[in-house]
Amino acid sequence: MKSFRRIKKINQQEYVYEIQPYYDPKTKKTKQKSKYIGKYAGDIENAQPVRKIIPKSSYSWGEFIPFQEVIRQLKLYEILESVLGRRDAETLIGISINKAIESMPMYAIKSWAEGTILIKEYPEMILTSQTISEFLKRISNESVINKITEKIIEKHRPKGTFIYDLTSITSYSEFINILEYGYNRNEDGLAQINYSIAISEEKNIPIMFDIYSGSIVDVSTLRQTIKKLKIYGVKDCTLILDRGLFSEANIDELLQKENPINFIMPGTLSNKEIRKIIETEEIEKLENLHKYQNKTIFAKAVKVKIGKHQIEGYLYYNSERANKEKEHLYNKISELKEKIEDKISNLTSKDEIEQKIEVIAKAYKKYFTWNDVKRRLEYQESEIEKSKITMGKFILLYTGNKYKWNECLENYKKKSDVEQAFDMLKNDMNASRLNMKTEETFKGLLFVYFISLMLRMKFNSIVSKNNLHKKYSFTEMMLELRKLKKIQFDNGEILTTELTKKHKEILQHFNFKF
């Protein structure tokens, strides 16, 4: 097939390419190979190859295009520069992008950045081991973090629903005072800190975070968050809270007369009023039967007295979930019974037997009793029946807006956003166990992770909105975009490699001009 020449416009400059069509026997289609000739000077047919230009450097570029658009939409550069100055703002963005995409150890980030276009776009970045350590100390200052948080809230003016939760982040370091032993969600036996975030459901980004000593209980962390939200001027919002934060003290804090904060939160069976309603209310009536996500559910409006507050809510009953919970209980206690009987077969003392039952059954001990007369282990049927009454049932409490049963449930299910954020933080960004030498660098790194989480959640929001997640995983998108390079030649020119159909399919949703 005869070759021909074509003009391609790259970065506002026109270039001449030799196009050679050829037949691909595998696909049975005609394809093309292109060969660079030189700059277009007005005559495409008589254009001559320019002198051979030698590539000097190659920079990874494609994977950063979406994140540059995310940074623009979040107005992140201007926020960070206004508080930190240009040098630290660029350093923070560079490291945060790395954590969002690659999550390399700090000592490797400098080498990584030198092979990317970030080194050109953020020339003020300081990435040696010593300067990164000093940088982390500077951004760990509480007043710096508070100023940036305040500006994020001021720029984005989040309102409506906020999802709040906290997780544990552990460390191998033995020299950081804030690390303490407490209830460890990771169950790895290491000292920890509690890391809380509040996510704006409207903006789909985290808008604030906080750090607490590992031994501080969840109740105290919520109080501190509420105070900060009020200081930052967040009003008329609703917090979506996990059941672990349900307590009379927390509800008092949320519903203070001066500036109450509305919430949606499940009640727990440890509260007598909640337990009484779940055990006594007749929920399985046809008047309470509804369809939800193609399944049946029973829902009934209730009022619950928690301390001095009368709070509205809904009692829900899911028969499918009740059957699963029942089956799980039966399987568990039958397995435990066999295990216990095997371990006590040679024991004669009642005290020893009961001690062994407690060690093996643990939380399920209440379902067993030792009959010393008949010398056999028996099920405690009354306890089993009592547990069955509550299966498949839960109560959601709410304040503020008057929700319908389905609106209340739908809002609570948004709690999965924060669970996904923590999963992203710990697994994708490797933040579950950190190893820093000082408290300042430890806090500074946690702030880096907060900014990285903003980038990833905004990225994911754009991806989901345009259904890209149905075709590509995050890793697949990054690997595909990584094929896009910027090539710098010895004469100073910078060319970009050609975009494929997949590149265009992804980048069109990130305001990229082809």
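For the structure, see preceding data.
Here's what I pulled together on the structure shown here. Note that the coordinates shown come from a computational prediction; the quantities given were computed from them, not determined experimentally. (Residues numbered from 1 in each chain as written. Predicted model: local features only at pLDDT ≥ 70, side-chain atom pairs only at ≥ 80, totals over all residues. Heavy atoms only, no water.)

Thoughts on the pattern of salt bridges
Stated formally: Salt bridges are identified by distance alone: a Lys or Arg side-chain nitrogen within 4 Å of an Asp or Glu carboxyl oxygen. Each helix corresponds to a stretch of at least 4 residues labelled H or I by DSSP, and each strand to a stretch of at least 2 residues labelled E; elements are numbered beginning at the N terminus. Buried means the residue's accessible area, taken with a 1.4 Å probe over protein chains only, is under 20% of the maximum for its type, while exposed means over 50%, and partly exposed covers the values in between.
Counted by the stated rule, this structure contains 29 salt bridges. In this structure, glutamate 69 engages arginine 72 in a salt bridge whose closest nitrogen and oxygen atoms are separated by 2.7 Å. Of this pair, glutamate 69 and arginine 72 both sit in helix 1 (residues 65-74), separated by three residues, roughly a single helical turn. Notably, a salt bridge pairs glutamate 385 with lysine 388, separated by 3.0 Å at the nearest N-O pair. In this pair, glutamate 385 and lysine 388 both sit in helix 13 (residues 381-390), three residues apart, roughly one turn of the helix. Among the residues examined, glutamate 385 registers a relative accessible area of 43% and is labelled partly exposed. Via salt bridges that share partners, Glu63, Glu102 and Arg482 belong to a single interconnected network.

Looking at the sheet that holds strand 3 (residues 29-39)
Keep this limit in mind: We treat two strands as partners when DSSP finds at least two bridges between them. Under this scheme, a helix contributes an axis fitted over its contacting stretch, all axes are lines through C-alpha atoms, and angles between N-to-C directions fall in the 0 to 180 degree range.
Read from one edge of the open sheet, three strands run 1-2-3, paired in antiparallel fashion. Single-partner strands in this sheet number two, and they are strand 1 (4-10) and strand 3. Neighbouring strand axes in the sheet, compared pairwise and without regard to direction, differ in orientation by 40° on average. The pairing of strand 1 with strand 2 (residues 13-24) spans seven bridges and is antiparallel. Pairing of lysine 9 across the sheet is with glutamate 14, part of strand 2.

Focus on a positive patch on the surface
The line we're drawing: Within this analysis, patches are made of residues with over 30% relative accessible area and no salt bridge. Like charges are joined at 9 Å or less; nonpolar side chains (Val, Leu, Ile, Met, Phe, Trp, Tyr) at 5 Å or less. Only the protein chains shown count as covering a residue, and every accessible area follows the Shrake-Rupley method with a 1.4 Å probe. His is not counted here, nor are the chain ends, while Lys and Arg score as positive and Asp and Glu score as negative. For the purpose of locating charges, the reference atoms are NZ of Lys, CZ of Arg, CG of Asp and CD of Glu.
Taken together, the side chains of Lys339, Lys343, Lys356 and Lys362 make up a positively charged region of the molecular surface. Within the element layout of this structure, lysine 343 appears in helix 11 (residues 319-344).

Comments concerning the packing of aromatic side chains
The test is simple: Here a pair means two rings of Phe, Tyr or Trp (six-membered ring of Trp) with centres within 6.5 Å. Their orientation is stacked below 30 degrees between planes, edge-to-face above 60, and tilted elsewhere. Working rule: Lys NZ or Arg CZ, within 6 Å of ring centre, within 35 degrees of ring normal, means a charge sits over the ring.
Counted under the stated rule, the structure contains 21 aromatic pairs. Taking the centre distance of 5.4 Å and the plane angle of 90° together, the rings of tyrosine 398 and tyrosine 403 count as edge-to-face. Here tyrosine 398 and tyrosine 403 have matching classes, each one buried. Aromatic rings pair up to connect Tyr314, Tyr316, Phe394, Tyr398 and Tyr403 into one cluster. For the cation-ring pair, lysine 337 lies above tyrosine 379, with the distance from its terminal atom to the ring centre recorded as 5.6 Å. The cationic tip of arginine 456 hangs over the ring face of phenylalanine 474; the distance from NZ or CZ to the ring centre is 3.7 Å.

Some words on the sheet that holds strand 18 (residues 494-496)
Pairing within the open sheet is antiparallel, and its three strands lie in the order 4-17-18. Looking at the sheet topology across the chains shown, the edges are occupied by strand 4 (55-60) and strand 18. Averaged over neighbouring strand pairs, the angle between their axes works out to 25° when direction is ignored. Relative to strand 18, strand 17 (residues 485-489) runs antiparallel, the two sharing three bridges. Bridge pairing links isoleucine 487 to leucine 495 in strand 18.

Quick notes on the pairing of strand 11 (residues 295-306)
Sheet analysis places strand 10 (residues 289-292) next to strand 11, joined by four bridges and oriented antiparallel. Its bridge partner lying in strand 11, histidine 290 is registered against isoleucine 297. In this sheet, strand 12 (residues 309-317) lies alongside strand 11 in antiparallel orientation, the contact comprising nine bridges. Residue pairing in the sheet places lysine 300 in a bridge with leucine 315 of strand 12. Hairpin connection, strand 11 to strand 12: the antiparallel pair is bridged by two residues, and glycine 307 has positive phi, about 60°.

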